[in-house]
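Chain residues, written in single-letter form:
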There are 2 protein chains.
Amino acid sequence: MVMHSSPFAAKLGSYIDLSEPELLVLESLHARRKCYPAGRDLVLQGQPEQPAYILAEGWVCSYRLLAGGGRQIVDFQIPGDFLGLRSVLSRTAGQSVEPLTKVQASLINPQDLMDVFARNPRLGAAVLWAASRDDAMVVEHLVGIGRRNALERTAHLLLELGARLTLVGLGTKAGYDCPLSQYVLADALGLSAVHVNRVLRELREEGLCTFRNGRVDINDFDGLVQLADFDHDYLDHDGPLYQGVQAPRFAA
Amino acid sequence: MVMHSSPFAAKLGSYIDLSEPELLVLESLHARRKCYPAGRDLVLQGQPEQPAYILAEGWVCSYRLLAGGGRQIVDFQIPGDFLGLRSVLSRTAGQSVEPLTKVQASLINPQDLMDVFARNPRLGAAVLWAASRDDAMVVEHLVGIGRRNALERTAHLLLELGARLTLVGLGTKAGYDCPLSQYVLADALGLSAVHVNRVLRELREEGLCTFRNGRVDINDFDGLVQLADFDHDYLDHDGPLYQGVQAPRFAA
DNA sequence: CGGTTCATTGAAGCTCATCAAACCCCGTGG
DNA sequence: CCACGGGGTTTGATGAGCTTCAATGAACCG
């Protein structure tokens, strides 16, 4: 595998082989790269004309607020992921986007993006593919909250994050750095923070994985996979858009 | 509003004004219309090369099965909706699709669809818009299961179905015909069938709505909306994105 | 340093699942 | 025509899984 200068290129590069010119095009999208502090929303739910970004560094979540005051985190974004791609399409943002850490992101001009796709169909295809993977993750999240108990659900989330981070070189089967607080995990898992704490303790005591001090250590990968009924397939297709282009498989 | 011969045209017609030629093109997609019995899956989770359809009559659900034997219904499809559009893009179907009633659907050839979009960008944009609305519904579903209690969640689903049916002329604010069993509702809501029954009783006793004998009667629309924290916006945007502009092209 | 955020643990209670049983409607076949 | 059976609905009883409230400690930070 080629050494990639950005996580975005690393991610797309795992779906299709990227040529030198294509790599340059991807770099050019990062022209307007800026730094944003944690906690101040990048995109606001219900607002029109919201921007889109490519995330270069740091963690972000997209969430929806309820009238009752609760919030549900729909998805996390990690380096290499798009932010607010959907809100470009549908004009009004359905979710808010909040940086969970200090973040570096590149503001994307929708027209530039369209131009790049028009000139580089393979890149367009890869991005569409990535977007469709994101949708699959939302579905998997829905399934988890609807039909998995707290332990399975938490294990599943930790595995999914690990798989995604591994794809961009920020994690391995043995673990990864993870800046999420138990409150944030709770909002994603549909649980209370107190219960998340107990679940993490149980995962630790069972010797499956340890989440402490911003670090997830996976002690028993196979056991965790089995507990969570974790299925790689929804993250790890066979490069679906372009016939004849085989994507390298995610190291399981 | 024009009288539409198909629910599919009715749905798209509510986003953009359809010209006479465009209506004809839409009709042409229904060439291979066939009837399918309830209960036999149209699309199979995990299988490649699955077909896509436009649903003309009857109800369908898309669901995922878990190792433990449970199932989570991700979404319902009603007349005018696409089935399996995503599985055309990503080659492998992420969900199974099962008719809940006897169903009429038109098999869609992906290449025909691409041709139609290339020649009628406005139609392409409207379909993309509809697809993005479907995604928004999945997100709303996720939020409901994660953060709403059984009563709110059920009310929300009944309202959403009502809104969607109204769009294609199959319902009003006062109610609609609904062929779902309490078991099916349970699989969608992440509840047990027994509890769904109790929740429906409570909605009835509170004078909010009555679900009996395949019919949903909404007795207190505003009360139901308030209980469910129901927000039209995610179904009911300000029309499609690229009014009069080129539709983004699918790479394929 | 006092203030804030996060992690941790205990106790009490509510929401919902599970088990079990009865009932209804409806179609089918003796 | 009635017995039978099957799918769906309804209700009760019990308890698991989670939330909520409350309190404490650890880590960080202006």
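Report follows, based on the coordinates. (Residues numbered from 1 in each chain as written. Chains lettered and ligands numbered in written order. Predicted model: local features only at pLDDT ≥ 70, side-chain atom pairs only at ≥ 80, totals over all residues. Heavy atoms only, no water.)

**Looking at the sheet that holds strand β3 (residues 60–65) of chain A**
Consideration 1: Across the sheet, three strands lie side by side as β4-β3-β6 (chain A); this open sheet has antiparallel pairing. Each of the sheet's edge strands pairs with one partner strand only, and the pair in question is β4 (71–77) and β6 (96–99) of chain A. Each adjacent strand pair in this sheet contributes to an overall mean axis angle of 30°, direction not counted.
Consideration 2: Relative to β4(A), β3(A) is paired through six bridges, and the arrangement is antiparallel. Across the sheet, A:Leu65 pairs through a bridge with A:Arg71, a residue of β4(A).
Consideration 3: Together, β3 and β4 of chain A form the strand contacts of helix α5 (residues 121–147) of chain B, whose direction differs from that of β4(A) by roughly 125°. (Pairing = 2+ DSSP bridges. Helix = DSSP H or I, 4+ residues; strand = E, 2+ residues; numbered from the N terminus. Axes fitted to C-alpha atoms, helices over the stretch in contact; angles between N-to-C directions. Contact = heavy atoms within 4.5 Å.)

**Considerations on the protein's contact with DNA strand C**
Consideration 1: The local shell around DNA strand C holds 15 residues, among which A:Gln182, A:Asn197, B:Ala150, B:Leu191 and B:His195 are the closest.
Consideration 2: Taking the atoms of DNA strand C that fall within 4 Å of the protein, sugar and phosphate contribute 65% of them.
Consideration 3: A distance of 3.1 Å separates a phosphate oxygen of DNA strand C from a polar atom in the side chain of A:Arg201.
Consideration 4: Between B:Ser192 and DNA strand C, the recorded distance is 3.1 Å, taken from a backbone N or O atom to a phosphate oxygen.
Consideration 5: Secondary-structure elements contributing two or more residues to the surface near DNA strand C are α8 (193–205) of chain A together with α8 (193–205) of chain B.
Consideration 6: In terms of residue count, α8(A) provides more of the surface near DNA strand C than any other element does, four residues in total.
Consideration 7: For the surface near DNA strand C, the per-class residue count stands at four nonpolar, seven polar and four charged. (Near = heavy atom within 4 Å. Polar contact = N/O pair within 3.5 Å; in protein donor to acceptor, adjacent residues only side chain to side chain. Nonpolar A, V, L, I, M, F, W, Y, C, P; charged D, E, K, R; others polar.)

**Let's talk about the protein's contact with DNA strand D**
Consideration 1: Among the 16 residues in the neighbourhood of DNA strand D, the closest are listed as A:Ser192, A:His195, B:Gln182, B:Asn197 and B:Arg201.
Consideration 2: At the protein interface, 64% of the atoms of DNA strand D within 4 Å belong to sugar or phosphate.
Consideration 3: A:Ser192 is positioned with one of its backbone polar atoms (N or O) 2.8 Å from a phosphate oxygen of DNA strand D.
Consideration 4: Residue B:Arg201 places a side-chain N or O atom 2.9 Å away from a phosphate oxygen belonging to DNA strand D.
Consideration 5: Contributions of two or more residues to the surface near DNA strand D are made by α8 of chain A together with α7 (182–189) and α8 of chain B.
Consideration 6: For the surface near DNA strand D, the leading source of residues is α8(B), giving four residues.
Consideration 7: Taken together, the residues of the surface near DNA strand D sort by class into five nonpolar, seven polar and four charged.

That's the geometry; what it means functionally is another story.
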